[in-house]
Amino acid sequence: MSAALNETSADWEPLVVAFCCNWCSYAGGDLAGTSRMSYPANVKVIRVPCCGRMNPMFVLRAFQRGADGVLVAGCHPGDCHYSTGNYHGRRRLSAFKRLFEFAGFEPERFEVRWISSSEGDKFAEEMETMTAKIKALGPNRKMRDARWQSVTQSK
Amino acid sequence: MPRIGIFICHCGSNIAGTVDIEKSIEAARGFPGVVHVDEYRYLCSELGQDLIKKAIEEHNLDRVVVGTCSPRMHEVTFRKAVTEAGLNPYLLEVANIREHCSWVHKDIEKATPKAIALLRAAAAKAALNDPLVAPSVEVEKRALVIGGGIAGIQAALDIAEAGYIVDVVEREPSIGGRMAQLEKTFPTLDCSACILTPKMVEVAQHPNVSLLTYSEVEEVKGFVGQFDVKIKQKARYVDPVKCTGCGICYEKCPAKTPSEFEMGLAKRKAIYVPFPQAVPNIPVIDRDACLYFRKGRCQICAQECPPQAIDYEQQDQIIERRYGAIIVATGFDQMNPSHYGEYGYGQHPDILTGLEFERLFNASGPTGGKVVRLSDGKPPKKVVFIQCVGSRDKARGMNYCSKICCMYTAKQAILLKEKVPDAKSYVFYIDVRTAGKGYEEFQRRAAEEYDVAYLRGQVGKIFPESDHLMVHGVDSLSGKTIEIKADMVVLAVASVARADAPEVGRLVGINSDSYNFFNEAHPKLKPVETHTAGIFIAGACQAPKDIPETVAQASAAAVKVVGLLSKDMLQGEACTAEVNQAECSGCLYCEAVCPYSAISPVEIEERYHGGTLKRTVVEVNPTLCHGCGSCTVVCRSGTINLKGFSNEQILAEVDAICLQR
């Protein structure tokens, strides 16, 4: 078992995986950087072309591998680089969030946000808020059995 | 096993200041498949790029990961570098350890492990990268301009002068647009027709330009370089080859109907040219007004036409052409201010909009150039101009400033004084906005030399009293109420998007703002581009603007088009969807979500138990696909994947990032 699961004390740090669309939110993240804003290093970004590319399986895989929170960020509805990708993403991921809760997860561990390329401040804010929220929730224990298996298998 | 090389950039101290480079290198050496790790002060410099190229050769690398700034910044640079060393550009992966790491975290103890995680994810993805080839698209060296106003005319002329063929589609029977309706232009008081008509003639006679007037775009398919467009040329019922433009037909025509060009203030005939300087000077028959089309008898025009150009049997024609680029320059409308009950528009003939009033100055206008009241034909002695009718009005109109009203009101007040020397103008305004070369001076001249009274405030009510219009307003500077016994009221109504702008936007595939004005790709740096490659915008279809700005934007759009058409081939998108047809179940969900119609069903034959079986699967057209990946998620058989962002690649990144747990 990896160390992260056993640590419940104050020095425990959550892992937040953020899937950001290339055109708006990833660029918003770049702007947060060029504007020298600051947000917790707990957040690691994975670039996807569009939030319509987001297969819920990617989200589940992150939780299975030990992420404590997952955030998907895309262009504001109406502003999708691919015209309609974020509408598909919005519908699919909001349905997925309900299912996620129904399956026994804290729904707050999974969020979808719209962040434009000009919203570096919003990007930093959302990452800050998400990290604080997950920190308060504590480690993702729901999938630790699945994870234990994967950790042993990888050894 | 791949042979991955990792190169970490210090970016001076931009990265090295917050990320421990030594520790990162140490960690990177342990990633699966990594055979070489190096660092450099400025990796994007020529020396830095050489370092990568040399290492590719020396260590026989087949994948490269750079830990640098954002891929949105230098991905292209490094792709070029690895290509020069003989690698496919898509075998490069970027770990964004500057914008997404060193610049947003201050603590080196926290930023370093994050940078390592990002590098690990990039290496894990790179291991799965395939060499990709972007499809080449041939560029059709012909441009389409939609809209034949001053924007469309200018753009077409510029493209034609650069040596490319351009078609101009105009819905009305003549080109000219809004500018043709104007009498004079601010701030120089140039006669609008005198500066516009030579351009109209020039564009019509240019060997590289085809005018398709009385025509509308019906369908736009395809993509940058190859737009397939269907244009409907409406039947004019006049043979353009035979017609000499003599005008006898509309002289003799007995049927009259309100003229659109004169804003309904005058009548035109059923067979007509919209205005005397129309280009082309070929009349059209308005079926809804024509006695022959309505009642089956008349045909006076056909009897009177010397060259026998009238053809009642003419049909609409569909023209199908391919274009490399499209400029949308469809212009603007005036808001109908009827819902402003206090101004009484539409209830009294002497309450006009700015454009209606403009027509009164024109020698070929409804009053033959005499500025008179439409109620009794007398010249107006007191005219009240009301600004911002529908502009800067959150509650009942548009939030924005229509930009041209302050200036044309000053212009009309000056012109009025010249036509009716004892006339007095009053302008009710919120703010007078005169940004532009020579604009402030012009408006000052109106106020100081032409005795125009500027009253800061609003009008609460206008009602007719004997032969006058009583205007009740408030001067917000003095706080006093004002009553003016006016002869005429002119409303500076908001400039709004064309009523069918959303439809046009959908047709060509560009989006609009909340007011239905077309959106530029970037408000500062891409003012004429749209989010759809190969489609550009110019003029007041983007936002209210005056003639100089419109012309500047039209020329800018033309340059973009010329730049595009000067290329023989365009590189398409390399990261496109691909389907394994053997596994495809033919559910066609992917076809439904594809925004580019890049996926289509196709029937294949398969061997099955000794015989053959026909079944439906899908195929992806890589030149149409933009690589959004929506199809991959809905695929029931999980058999459509997105090259460059495959399921396996994204999952590998997830695993690599979560490995620290």
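Here the structure is a predicted model, which is why all the values come from computation and not from measurement.

Caption draft 1: Fine view of the confidence of the model for chain A. Here chain A shows a mean pLDDT of 89. Residues at 70 or above account for 87%. Note that pLDDT drops below 50 for residues 1-6 of chain A; the model gives that stretch ten contacts with residues more than four away or on any other chain.

Caption draft 2: The arrangement of the environment of B:S512 in detail. Residues and elements named next belong to chain B. The residue S512 is located in the loop between helix 14 (501-508) and strand 28 (535-537) in this model. Sequence separation between S512 and V19 is 493 residues; the distance between their C-alpha atoms is 43 Å. If we skip the residues at most four places from it in the chain, S512 touches F517, F518 and N519.

Caption draft 3: Main features of the interface of chain A and chain B. Between chain A and chain B, the contact holds 52 residues from the first and 42 residues from the second. When the buried area of chain A at its contact with chain B is split by residue, A:R47, A:R53 and A:Y82 rank highest and sum to 17% of it. Remark: the boundary between chain A and chain B carries three salt bridges. A salt bridge links A:R47 to B:E75; the nearest nitrogen and oxygen atoms lie 3.1 Å apart. The tally of links between chain A and chain B comes to 15 residue pairs in polar contact (both at pLDDT 80 or more). Looking at the side of chain A that touches chain B, the elements with two or more residues in it are strand 1 (16-21), helix 2 (25-34), strand 2 (43-48), helix 3 (56-64) and helix 4 (85-102) of chain A.

Caption draft 4: Here's a closer look at the sheet that holds strand 1 of chain A. What the four strands build is an open sheet, ordered 2-1-3-4 (chain A); its pairing is parallel. If you trace the sheet from one side to the other, it starts and ends with strand 2 and strand 4 (110-114) of chain A, each paired once. Here the average twist between neighbouring strands, direction ignored, is 20°. Pairing of strand 3 (residues 69-74) of chain A with strand 4 of chain A involves five bridges; the strand directions are parallel. Considered in strand 4 of chain A, the bridge of A:G74 is made with A:W114. Strand contacts of helix 5 (residues 120-137) of chain A: strand 1, strand 2, strand 3 and strand 4 of chain A, with the helix running at about 160° to strand 3 of chain A, the strand carrying the most contacts. Against the sheet, helix 18 (residues 647-658) of chain B makes contact with strand 1 and strand 2 of chain A, and its axis sits at roughly 170° relative to strand 2 of chain A, the strand it touches most.

Here is what the cut-offs are and how they apply
- Residues numbered from 1 in each chain as written.
- Chains lettered and ligands numbered in written order.
- Predicted model: local features only at pLDDT ≥ 70, side-chain atom pairs only at ≥ 80, totals over all residues.
- Heavy atoms only, no water.
- pLDDT = per-residue confidence, 0-100.
- Contact = heavy atoms within 4.5 Å.
- Helix = DSSP H or I, 4+ residues; strand = E, 2+ residues; numbered from the N terminus.
- Buried area = accessible area lost by both parts, 1.4 Å probe.
- Salt bridge = Lys/Arg side-chain N within 4 Å of Asp/Glu carboxyl O.
- Polar contact = N/O pair within 3.5 Å; in protein donor to acceptor, adjacent residues only side chain to side chain.
- Pairing = 2+ DSSP bridges.
- Axes fitted to C-alpha atoms, helices over the stretch in contact; angles between N-to-C directions.

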